[in-house]
Amino acid sequence: MKKKALSSLLAIKRFPEIDEDVEQKALKLLQLKMLRIQQGIWHSKKRAIIVFEGFDAAGKGGVIRRLTEALDPRGLRVHPIGPPTDDEIGQPYLYRFWKNLPAPGTITIFDRSWYGRVLVERVEKLTPKKLWNAAYDEINEFESLLIRDGIDVVKIFLAIHSKEQLKRFEDRLKDPYKQWKLTSDDIEAHHKWPQYVKATDDLLERTSKKKVPWNLIPADSKAYARVQVLDTVTRSLSHHEKWMEDVAQQKKVSELSAALKKLKRA
């Protein structure tokens, strides 16, 4: 991905928008496609990881809900990533992600991820520069290992403007059911907006690879972002839909159909 990809996107004053009616129609079709993809992953015993990063209040939770709404929860795991636990602090920082990789036939979603090493840990000076600078290569190798092991990896970054973030903070504060989402850390992080943009530009440039590219999605419009995310994910994983055309699968369906007819006649 080009240098300063996020900075260039944020320089656009007005992000794309769509009507809610358009959103609902599009989501219905894309959610059905996502369900077929999940079934394909289950039948083939393959694995997939979807990584979400983005600014606070960028809409990651809402997007994940739409992405998973029609899916079977037995074949899906969502891992919200916060600060490491005491046990995790004593382990290599990738440990807590290794232990939550998807089982065969399932999808794992990371709501924030190993990129915290080169984002919040970098900006907030929680990790020495020598360590977070080395993390770019470590992350690239980690993702290369996942790909070589047959795991699909889709990476999404949701981008919003600074003013839109403040607006959403205010909306959360006014809503008693969403107040828990806003913390003093969020306010402090907003003061460091330029540093977070710079850190994101660096990670997009240094960790967007041909087999595991970043998908940078403008998200001032929640409706637009939700449709774009589902479209991006389903296009990236569309090869898993081929199970419906698989000869062995069709033979299995025919055999089950014949067995069912025998039961009805019995």
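Let us look at the structure shown here. This structure is a prediction, so every number in the text was calculated from the model and none was measured. (Residues numbered from 1 in each chain as written. Predicted model: local features only at pLDDT ≥ 70, side-chain atom pairs only at ≥ 80, totals over all residues. Heavy atoms only, no water.)

1. Re the overall build of the protein chain
Part 1: From N to C terminus, the protein chain includes twelve helices and five strands.
Part 2: Relative to the compact-globule value of 18 Å for 266 residues, the protein chain shows a C-alpha radius of gyration of 20 Å, a close match.
Part 3: Per-residue burial for the protein chain yields a buried fraction of 45% across its 266 residues.
Part 4: Taking the contacts inside the protein chain whose residues are at least 6 apart along the sequence as the reference set, 81% of them involve residues at least 24 apart.
Part 5: When the accessible surface of the protein chain is split by element, carbon and sulfur atoms take 54% of a total near 15300 Å². (Helix = DSSP H or I, 4+ residues; strand = E, 2+ residues; numbered from the N terminus. Rg over C-alpha atoms; globule rule 2.2 N^0.38 Å. Buried < 20%, exposed > 50% of the residue type's maximum accessible area, 1.4 Å probe, protein only. Contact = heavy atoms within 4.5 Å. Areas by Shrake-Rupley, 256 points an atom, 1.4 Å probe, with all protein chains shown as cover.)

2. Digging into the side chain of Glu241
Part 1: Considering the arrangement of structural elements, one finds Glu241 in the loop between helix H11 (222-236) and helix H12 (247-265).
Part 2: By relative accessible area, Glu241 is classed as buried at 14%.
Part 3: Side chain to side chain, Glu241 and Lys33 meet in a polar contact 2.5 Å long.
Part 4: Of note is the side chain of Glu241, whose polar atom sits 2.8 Å from the side chain of Arg36.
Part 5: Once residues within four sequence positions are removed from consideration, Glu241 is found in contact with Lys33, Arg36 and Ile37. (Polar contact = N/O pair within 3.5 Å; in protein donor to acceptor, adjacent residues only side chain to side chain.)

3. Regarding the packing of aromatic side chains
Part 1: Applying the stated rule across the entire model yields eleven aromatic pairs.
Part 2: Judged by centre distance (6.4 Å) and plane angle (75 degrees), the ring pair of Phe157 and Trp214 falls under edge-to-face. Highlighted residues: Phe157 in strand S4 (residues 151-159) and Trp214 in strand S5 (residues 214-218), separated in sequence by 57 residues. Like Phe157, the residue Trp214 is buried in the burial classification.
Part 3: Taken together, the ring pairs connect Phe55, Phe97, Trp98, Phe110, Trp114, Tyr115, Phe142, Phe157, Trp193 and Trp214 into an aromatic cluster.
Part 4: Positioned above the aromatic ring of Trp42 is the side chain of Lys45, whose terminal nitrogen or guanidinium carbon lies 4.1 Å from the ring centre.
Part 5: Its end group placed over the ring of Tyr93, Arg117 keeps NZ or CZ at 4.2 Å from the ring centre. (Phe/Tyr/Trp six-rings, centres within 6.5 Å; stacked < 30°, edge-to-face > 60°. Lys NZ or Arg CZ within 6 Å of the ring centre and 35° of its normal.)

4. Observations regarding the sheet that holds strand S1 (residues 47-54)
Part 1: Read from one edge to the other, the open sheet built from five strands follows the order S2-S3-S1-S4-S5, with strand pairing classed as parallel. Strands with a single pairing partner mark the edges of an open sheet, and in this sheet they are strand S2 (76-80) and S5. Direction aside, the axes of adjacent strands within the sheet are offset by 20 degrees on average.
Part 2: Running over the sheet, helix H2 (residues 20-44) touches S1, S2 and strand S3 (106-111) and is turned about 120 degrees from S3. (Pairing = 2+ DSSP bridges. Axes fitted to C-alpha atoms, helices over the stretch in contact; angles between N-to-C directions.)

5. Remarks on a positive patch on the surface
Part 1: On the surface, a cluster of positive charge is contributed by Lys261, Lys262, Lys264 and Arg265.
Part 2: You can see Lys261 is positioned in helix H12. (Patch = residues over 30% accessible without salt bridge, like charges linked within 9 Å, V, L, I, M, F, W, Y side chains within 5 Å. Salt bridge = Lys/Arg side-chain N within 4 Å of Asp/Glu carboxyl O. Lys, Arg positive; Asp, Glu negative; His and termini not counted. Charge placed at Lys NZ, Arg CZ, Asp CG, Glu CD.)

6. Thoughts on the pairing of S1
Part 1: For S1, a buried count of eight out of eight residues is recorded, marking the element as mostly surrounded by other parts of the structure.
Part 2: On S1, burial covers both faces: Arg47, Ile49, Val51 and Glu53 on one face and Ala48, Ile50, Phe52 and Gly54 on the other are all buried.
Part 3: The sheet contact formed by S1 and S4 spans eight bridges and is parallel. Residue Ile50 lies in a different strand from S4, and its bridge partner there is Val154.

7. What about helix H9 (residues 184-191)?
Part 1: Of all the positions in H9, only Asp186, Ala189 and His190 are classed as buried. For H9, the angular spread of buried residues about the axis comes to 105 degrees, placing them on one side. Residues of H9 that are exposed and angled more than 90 degrees away from the buried face: Ser184, Asp185 and His191.
Part 2: In the core, the buried residues of H9 are packed alongside helix H8 (162-174) and helix H10 (193-207). (Arc of directions from axis to C-beta.)

8. Topic: the pattern of salt bridges
Note on pairing: side chains with opposite charge can pair once their charged atoms come close.
Part 1: Here the structure, examined in full by the defined rule, presents 19 salt bridges.
Part 2: A salt bridge links Glu241 to Lys33, with the shortest nitrogen-to-oxygen separation between them at 2.5 Å. With Glu241 in the loop between H11 and H12 and Lys33 in helix H2, the pair connects residues that are 208 residues apart, well separated along the chain.
Part 3: Owing to a relative accessible area of 21%, Lys33 belongs among the partly exposed residues under this scheme.

9. What about the layout of surface pockets?
Part 1: One number sums up the size of the second largest pocket: a volume of about 150 Å³.
Part 2: As for the second largest pocket, its lining consists of Leu35, Gln38, Gln39, Trp42, Asp72, Arg74, Gly75 and Gly105.
Part 3: The class makeup of the residues in the lining of the second largest pocket is two nonpolar, four polar and two charged. (1 Å grid on protein atoms, 1.4 Å probe; cavity = no way out; pocket = protein on both sides within 12 Å on 5 of 7 lines; lining within 4 Å. Points joined across faces, edges and corners; volume = space filled by probe spheres on them. Nonpolar A, V, L, I, M, F, W, Y, C, P; charged D, E, K, R; others polar.)

10. Some remarks on the environment of Arg117
Part 1: Summarising the element assignment, Arg117 is placed in the loop between S3 and helix H6 (120-123).
Part 2: Spatially, the C-alpha atoms of Arg117 and Asn133 are 9.1 Å apart, while their sequence positions differ by 16 residues.

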